[in-house]
Amino acid sequence: MRTGAEYREELRDGRVVYVMGEGRVDDVTTHPATRAMVEEYVAWHDRHHDPDWADILLAPSDASGERRPWALRVPRSGADLIGMGRSYAKTLFYSAGNITHDPAYGHLIAMGILNAVIEHGAGAEHVARARAYHEMIAGTGRFLTFSAGSAPLGFRLRPDPATRAAVKRVRETDEGVVLTGRVGMHTSPCYAEDVYVGALCGLQIDGHPASFVVEIRAKGVTTLCRKVAPRDPNPFLAPLSNRFDELDGTLWLDEVLIPWEHVFFVDQSPEPVARYLTWHHLYNWGSRAEFTLGIALAVTDAMRLKDNDATVEYLIDLMATVQTVRAALTAAERDPEFTSYGYCAPNLCHALAGGTALFKARQQIAEIMRIIPGSSLVVAPSDSDLAAPDLSVGLEEAFAGGGYTAIQRAALLQLAWDHVASGLDGRESAFELHASGGMPSWRGRLRQTFGDYNDLANAVLQQLDCDMPQIDLGSIPARPMAPRRVNAPSSGDKK
Amino acid sequence: MRTGADYRAALRDGRKVVIMGGGEIDDVTTHPATAAMVEQYVAWYDRHSDPAWTDTLLNPDGTPWAFVAPRTVDEVLGIGRAITKTIFLSAGNITHTPLYGHLIQMGVLVATETRNAGPHHAANAEAYRKRIAETGRFLTFCGGAAIIGQRLQPNPADRVAVKKVHETDKGMIVRGRLGMHTSPAFAEDVYVGSLTGLQIDGHPAGFIVPVGAPGVTTLCRKPATREQNPFLAPLSSRYDELDGQIWLDDVFIPWELVFAVDPAPEAIPRWLRWHHLYGWLAKAEFTLGLTFALADAMGLKEHDPTVEYLVDIIAEVQTVRTCIAAAERDPEFTASGYCVPNHAHLAAGGISLFKARQRISEILRIVPGSSLVVAPSDRDLIIPELAQGLEESFGGGGYTARQRSALLQLAWDHVSSALDGRESTFELHASGGLPGWRHWLRRSFRDYNQLANAVLEMISVPMPKIDVAGIGTASVAARRAVSLPPAEKK
């Protein structure tokens, strides 16, 4: 694993980055809109060299005596999944679930590309390409992020259906394919080095849906990041927002050469690529829920509510959700599946049950966090208020006591506010409702992976004392996922 | 494992059984209120000799999974598989079986070990457990709580379920009335828990009383009201396990059936909650199976809203399956090495299902449409002046009217019958209800302090060290107290 400094240096690669509302960013490592997140990724890399983190982030010694990162592990057993999962849980919690994309996630994308290419069955040459790319990622820790490949809205509203795809092929050469286009939402492109663009981009080569990996620094690539989540510049008031805004974005391609070794034939659906990502998403949502529970417990202590029955009932509400997700992850890893090529994969049915449960619970989780502190959450002071001579005595009287100073209690309340009532919180919700397809996709995946339709339907018929038709419900899981919604172009341009 | 016929014969032991509204029963194996359930238990035993069930019900050594004392994950998985396959057969209505009785005694055994009031208690508990394993004897469970009238006694000393009348060298003589428990008319023994308040040498005590012992009277609740025609009540006519109470009138309990036990809420139910969750899962899976079958029978497999309803139930079923899988594969171990499904995972599954069960039933009532309400019986279908019209109304699409009606009546019996009402009422009390499961989660959840202190690392101000572990170690909520009126009402 490279060092954080080496990663930081890699980002000074001439990439063209814009942040909405901020203009062009010459150097993401120093610009105020991006540098804090760069330092979080620097810390992510350096943690792998920190002895305190070794047992969490590094696998046991291999035959050569080397301890390699769980982040870049190819799982071949349930024990591998458990080790990888533990490393995700610990690192994701560290950002309260706000940093969803990191090189570990990129490695899972690369494994998913390999899975998708094998499932598509375009031939050994294509499998070898995907395997080589995956091995490069696993060997270097290069930071890959993911776009399904869908087009931005303007493309989808074009009158001519043939022009609604995200990218179009300009020409082919011996070295690769030259593409032009605009690719829709994905995450952390200005901090990553490569973007996987899925087959929803509409590219077809030799009759196959094609996906590809593009380098952020490549000539002709422009990265447009969304506006920064508004935040108070004072870290006391925004301890999370000032550090963990990973910035989603879109990608513009202007005659960009994609070498053939980075072009992958896959099914158009992104689902095979997401084979391992669903598991990581659940870890991420679980870490956010655990962080919320952690703050709720801390606030319960700080507000001296440990013996308040109503508060404890709220805590149990949170625990029930957190424990359901923990159970889902435990079952997914300890009751795994194996791919045809020998990789161990988390059992999707278990993971999907956990994700569906959490999707339903997340609004209530946030509301409970807003309820427990009482209205002190709304009126808590900043550190600068507490230092103001004309306010300090009064604020100390108002917020201190019970083993906490006013600044300690206020710091905790501001952390809670930043976690569940900030622009960063709003972004997290808006993002997660789309990033992995939202609740409809998780339910659709559960419909497809649930295994006992006919067994259950025919088993209940045994209670009946008459001959019954044999039931076949195989069409229900076989139905495709709901199609992506279609934006209807208007009959004429509005003026 | 004894045969079903052996079990049936064992029930003719002179037991005194009264059915509310039905009077005393001379022979539970032949009385109309109880004969059908006896035959279900007969089938339970005989299934162990059926080659088609061997791989499900017997371990590789040929021992019934029902009577294995689990020490490994594989053994827990084997027992779990046996539970889920058999409990589904009754749509989750038969919650108490000899397997469940063995799990009760496993809990008693470990509760004697953790109480540690003397080696003879654990030795006696293990001897009784072995007796169950060797004979297949059917044990059921009573917490030991007093009935409402006893709890309203003016003298607090009289507010207990059971009193010790006297002791001898061989045992104790007890007298009293014990509150709700399940299947006493079909079981051979009842474990009576320490909620009786009985003490042995200063320790909370439980005891086992044979249902057929002199002085024991079993009072079963009224049967769930049902149609006599099995076509209309295919479940109700077979799976009413009958809850009840027992009265003890100077009943002798030998010392080897008296156990000093740990009164902690986790002690005796250590394995039982796992079984409870399997029971609830079976009901939910049966509901899902019925909904699948009705989606087919009503021609709704391609109907998007129907499929969404199906996914709603799938999500609930899969969540419980997932929690059970986690509990079995990430277990805990007792000090003496027994393997116990992880309670934190189980509690999450139980709470999830408690919240979902009403909705699951409603979806099954929704999916068939109003045909569910007006479906005919088999007798209506053969009435000459109705037959053709009913065939036109209910036949078609690959189903005869009789087939479709049979399925609709099965659905009705599952989620709109008195048996369904009994199941709901029973489960809201039997294992403590949702408050009980939430409390068990509170006690089994880990990481209170780790989570609370971990979030403080986001704050640059030095913070106090937080200790909220007390939330997880709180004692179980006291049973609700009844208030006595100021004076006896006339």
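Residues numbered from 1 in each chain as written. Chains lettered and ligands numbered in written order. Predicted model: local features only at pLDDT ≥ 70, side-chain atom pairs only at ≥ 80, totals over all residues. Heavy atoms only, no water.

**Q** Sorry, what's going on with the overall build of chain B here?
**A** Along the backbone of chain B there are 17 helices and 13 strands. Dimensions along the principal axes, computed over C-alpha positions, put chain B at roughly 75 × 75 × 60 Å. Here chain B holds 490 residues, and 60% of them are scored as buried. Considering only contacts within chain B whose residues lie at least 6 apart along the sequence, 74% involve residues at least 24 apart. (Helix = DSSP H or I, 4+ residues; strand = E, 2+ residues; numbered from the N terminus. Buried < 20%, exposed > 50% of the residue type's maximum accessible area, 1.4 Å probe, protein only. Contact = heavy atoms within 4.5 Å.)

**Q** Which parts of the structure should I look at to understand the overall build of chain A?
**A** Check the secondary structure of chain A and you find 18 helices and 13 strands. The C-alpha atoms of chain A give 25 Å as radius of gyration, which agrees with the globular expectation for 495 residues (23 Å, within 12%). Counting only C-alpha atoms, chain A reaches 75 × 75 × 65 Å along its principal axes. Looking at chain A as a whole, 58% of its 495 residues qualify as buried. At a minimum sequence separation of 6, the contacts of chain A that also span at least 24 residues come to 74%. Taking the average place of the 48 positive charges on the side chains of chain A and the average place of its 62 negative ones, the gap between the two points comes to 4 Å. (Rg over C-alpha atoms; globule rule 2.2 N^0.38 Å. Lys, Arg positive; Asp, Glu negative; His and termini not counted. Charge placed at Lys NZ, Arg CZ, Asp CG, Glu CD.)

**Q** Help me out: how do you make sense of the interface of chain B and chain A in this one?
**A** Note on interface size: it is often stated as the accessible area lost on association of the parts. Counting residues at the interface gives 70 residues for chain B and 72 residues for chain A. With both chains or domains summed, chain B and chain A bury close to 6000 Å², and 68% of this area falls on carbon and sulfur atoms. Inspection of the region where chain B meets chain A yields ten salt bridges. K360 of chain A serves as the salt-bridge partner of E316 of chain B, at 2.9 Å between the closest nitrogen and oxygen. Linking chain B with chain A are 21 residue pairs in polar contact (both at pLDDT 80 or more). Contributing elements (two or more residues each) for the side of chain B that touches chain A: α8 (272-297), α9 (304-329), α10 (343-366), α14 (401-415), α16 (433-444) and α17 (448-455) of chain B. With 18 residues, α9 of chain B is the largest single contributor of residues to the side of chain B that touches chain A. A class-by-class count of the residues in the side of chain B that touches chain A yields 43 nonpolar, eight polar and 19 charged. (Buried area = accessible area lost by both parts, 1.4 Å probe. Salt bridge = Lys/Arg side-chain N within 4 Å of Asp/Glu carboxyl O. Polar contact = N/O pair within 3.5 Å; in protein donor to acceptor, adjacent residues only side chain to side chain. Nonpolar A, V, L, I, M, F, W, Y, C, P; charged D, E, K, R; others polar.)

**Q** So what exactly am I meant to see when it comes to the sheet that holds strand β2 (residues 23-25) of chain B here?
**A** Adjacent strands of a sheet form backbone hydrogen bonds with each other and so pair up, either parallel or antiparallel. All names here are of chain B. The strand order across the open sheet built from six strands is β2-β1-β9-β10-β5-β4, with neighbouring strands paired in mixed fashion. Each having just a single partner strand, β2 and β4 (162-167) make up the two edges of the open sheet. Each strand axis lies, on average, 20 degrees off the axis of its neighbour in the sheet, ignoring direction. Here strand β1 (residues 16-19) runs beside strand β9 (residues 216-220); their pairing, made up of four bridges, is parallel. When the bridges of β9 are listed, I19 appears paired with C220. Contacting β5 (171-182) and β10 (243-254), helix α15 (residues 418-430) runs over the sheet at an angle of about 130 degrees to β5. (Pairing = 2+ DSSP bridges. Axes fitted to C-alpha atoms, helices over the stretch in contact; angles between N-to-C directions.)

**Q** When you look at the side chain of E290 of chain A in this model, what are you seeing that I'm missing?
**A** Relative to the helices and strands, E290 of chain A resides in helix α8 (residues 277-302). Residues within four places of E290 of chain A in sequence aside, it is in contact with F93, V322 and R326 of chain A together with L451 of chain B.

**Q** Is there a simple way to explain helix α15 (residues 423-435) of chain A in this structure?
**A** Spacing of three or four residues puts side chains on the same side of an α-helix, whose turn is 3.6 residues. All names here are of chain A. With 13 residues, α15 extends 18 Å between its outermost C-alpha atoms, agreeing within 8% with the 18 Å of an ideal straight helix rising 1.5 Å per residue. Along α15, the residues classified as buried are L424, D425, R427, E428, F431 and E432. Summarising the axial view, the buried residues of α15 lie within an arc of 155 degrees, below the 170-degree limit, and thus occupy one face. In the core, the buried residues of α15 are packed alongside β5 (176-187), β10 (248-259), α8, α10 (348-371), α14 (406-420) and α16 (438-449). The positive-phi residue at the C-terminal boundary of α15 is G437, with phi of around 95 degrees. (Expected span 1.5 Å × (residues − 1). Arc of directions from axis to C-beta.)

**Q** Sorry if this is basic, but what is going on with the pairing of strand β3 (residues 144-147) of chain A here?
**A** In summary, the side chains of a regular strand alternate between the two faces of the sheet. All names here are of chain A. Of the two faces of β3, the one lined by L144 and F146 and the one lined by T145 and S147 are each fully buried. Two strands pair when backbone bridges link them, and β3 and strand β6 (residues 194-197) are joined in this way by four bridges, in the parallel orientation. Opposite S147, over in β6, you have V197 as the bridge partner.

**Q** Is there a simple way to think about unusual backbone geometry in this case?
**A** Glycine aside, residues mostly have negative phi, and peptide bonds are mostly found in the trans state. With phi around 60 degrees, L247 of chain A is a residue other than glycine that occupies positive phi space. Counting through the fold element by element, L247 of chain A comes out in the loop between β9 (221-225) and β10. Despite not being glycine, N116 of chain B has its phi angle at roughly 55 degrees, a positive value. By secondary structure assignment, the location of N116 of chain B is in the loop between α5 (98-115) and α6 (119-135). Residue N116 of chain B is classed as exposed on the basis of its relative accessible area of 61%.

**Q** Where do I start with the packing of aromatic side chains in this structure?
**A** Here a ring pair, both rings aromatic, is described through the centre-centre distance and the interplanar angle of the planes. Residue and element names in this part refer to chain B. For the structure on display, the rule yields 31 aromatic pairs over all chains. The positively charged end of R273 is found above the aromatic ring belonging to W440, 3.3 Å away from the centroid. Over the face of the ring belonging to F426 we find R422, whose NZ or CZ atom lies 4.3 Å from the ring centre. (Phe/Tyr/Trp six-rings, centres within 6.5 Å; stacked < 30°, edge-to-face > 60°. Lys NZ or Arg CZ within 6 Å of the ring centre and 35° of its normal.)

**Q** Would you mind showing me how to read the side chain of S287 of chain A here?
**A** Residue and element names in this part refer to chain A. With respect to the helices and strands, S287 occurs in helix α8. Judged by its relative accessible area of 2%, S287 is buried. Among the polar contacts listed, one links the side chain of S287 to the backbone oxygen of N284, at a separation of 2.7 Å. Among residues more than four places away in sequence, those in contact with S287 are L92, F93, A96 and G97.

**Q** Sorry if this is basic, but what is going on with the packing of α8 of chain B against α14 of chain B here?
**A** Axis angle and axis distance: for two packed helices, these are the angle between their axes and the distance between the axes, and together they describe the pair. Residues and elements named next belong to chain B. It is at 10 Å that the axes of α8 and α14 come closest, and there the two elements cross at 150 degrees. It follows from the interaxial angle that α8 and α14 lie roughly antiparallel. Helix-helix and strand crossings are classified by hand; for α8 and α14 the assignment is left-handed. On α14, the residues that touch K283, F286, T287, L290, A293, L294 and A297 of α8 are R404, L407, L408, L410, A411 and H414. Of the residues that constitute the contact of α8 with α14, the class distribution is nine nonpolar, two polar and two charged. (Parallel < 35°, antiparallel > 145°, perpendicular 65-115°, else oblique. Left-handed = near helix turned anticlockwise from the far one by under 90°.)

**Q** Before we go on, may I ask you to explain the environment of L473 of chain A in this structure?
**A** By secondary structure assignment, the location of L473 of chain A is in the loop between α17 (453-461) and α18 (475-478). By relative accessible area, L473 of chain A is classed as buried at 0%. For L473 of chain A, the contacting residues outside a window of four places in its chain are Y453, N454 and A457 of chain A together with F292, D296 and K301 of chain B.

**Q** Just to check I follow, could you spell out the pattern of salt bridges for this structure?
**A** Any two side chains of opposite charge can pair, on the condition that their charged atoms come close. Residue and element names in this part refer to chain A. Scanning the entire structure with this criterion turns up 60 salt bridges over all chains. Put simply, D245 and R226 hold a salt bridge, and the shortest N to O gap is 2.5 Å. Linking D245 in the loop between β9 and β10 with R226 in the loop between β9 and β10, this pair joins segments that are 19 residues apart in sequence. Of the two residues, D245 and R226, neither departs from the other in class, the shared state being buried. The partner of E290 in a salt bridge is R326, with the nearest N and O atoms 2.6 Å apart.

**Q** What is the right way to read empty space enclosed by the protein from this model?
**A** Rolled over the atoms, a probe with the dimensions of a water molecule shows which regions are left empty. Residues and elements named next belong to chain A. Within the structure shown, the criterion is met by six cavities of 30 Å³ or more. Quantified by volume, the largest cavity comes out at close to 110 Å³. Lining the largest cavity are E40, W44, R47, T91, L92, Y94, S95, I99, D102 and F244. At the level of elements, α2 (35-47) and α4 (78-93) are the ones that each hand at least two residues to the lining of the largest cavity. Per-element accounting of the lining of the largest cavity gives the leading share, three residues, to α2. Grouping the amino acids of the lining of the largest cavity by side-chain chemistry returns five nonpolar, two polar and three charged. (1 Å grid on protein atoms, 1.4 Å probe; cavity = no way out; pocket = protein on both sides within 12 Å on 5 of 7 lines; lining within 4 Å. Points joined across faces, edges and corners; volume = space filled by probe spheres on them.)

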